[in-house]
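A structural walkthrough
Below, each chain spelled out in residue letters.
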Amino acid sequence: MWSLLEPVFRAGETFPHDPAITEAEARVAWVEQSHAVMVAVDATGALVGTYYLRPNSLALGAHVANAGYVVADHCRRQGIGSRLCQHSLRAARRFGFRAMQFNLVVSNNTAGLRCWQRNGFQVVGTLPGAFRHKQLGYMDAYVMVQGLVEGPAT
């Protein structure tokens, strides 16, 4: 999985992890701190994507899920991210989460924004300058959410 995560973390464009993160630190962040980790493989068994699913907060906020997604660079624009998102929403419902929240969607991540919006997420807030993009400096980030049950998520 490190071969999939490393280039994304090193790029410093979409995840807040230190671009100098080690494989061991990435394993803790992606796998060990998660409720579930899923992978997508192609017909040859090669890893093409992954996501984690975990509570977005502690105790009284733990009914809201959080997820993060990575798709192999050579597999982007093939709908894999969307299928991972849909799978994570079904999994979150099975685990009993009442909503899913993305805390830090970088404003220039247009492909991600379109994908999440197509899959039912809405922007509920803007965090001015909340993400320090490795190349572009301080960028706005969005908080996005989707309810997973009928009625209020709280």
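Quick word on helix α1 (residues 2-11)
Taken together, the buried positions of α1 are occupied by Trp 2, Leu 4, Leu 5, Val 8 and Phe 9. Along the axis of α1, the buried positions cluster into a sector of 150°, meaning they face one direction only. Directly beyond the C-terminal end of α1, a positive phi value near 65° is found at Gly 12.

Remarks on the sheet that holds strand β1 (residues 36-41)
In a beta sheet, neighbouring strands pair by backbone hydrogen bonds and run either parallel or antiparallel. One open sheet accounts for 6 strands, arranged β1-β2-β3-β4-β6-β5; its pairing is mixed. Unpaired on one side and paired on the other, β1 and β5 (122-133) mark the two borders of the sheet. Neighbour-to-neighbour, the strand axes of the sheet open up by a mean angle of 25°, direction not taken into account. Where β1 meets strand β2 (residues 47-55), 6 bridges bridge the pair, whose relative direction is antiparallel. Looking at β2, one finds that Val 41 is bridged to Leu 47. The sheet contacts of α1 involve β2 and β3 (64-71), and relative to β2 the element is tilted by about 75°.

How each quantity is defined
- Residues numbered from 1 in each chain as written.
- Predicted model: local features only at pLDDT ≥ 70, side-chain atom pairs only at ≥ 80, totals over all residues.
- Heavy atoms only, no water.
- Buried < 20%, exposed > 50% of the residue type's maximum accessible area, 1.4 Å probe, protein only.
- Helix = DSSP H or I, 4+ residues; strand = E, 2+ residues; numbered from the N terminus.
- Arc of directions from axis to C-beta.
- Pairing = 2+ DSSP bridges.
- Axes fitted to C-alpha atoms, helices over the stretch in contact; angles between N-to-C directions.
- Contact = heavy atoms within 4.5 Å.

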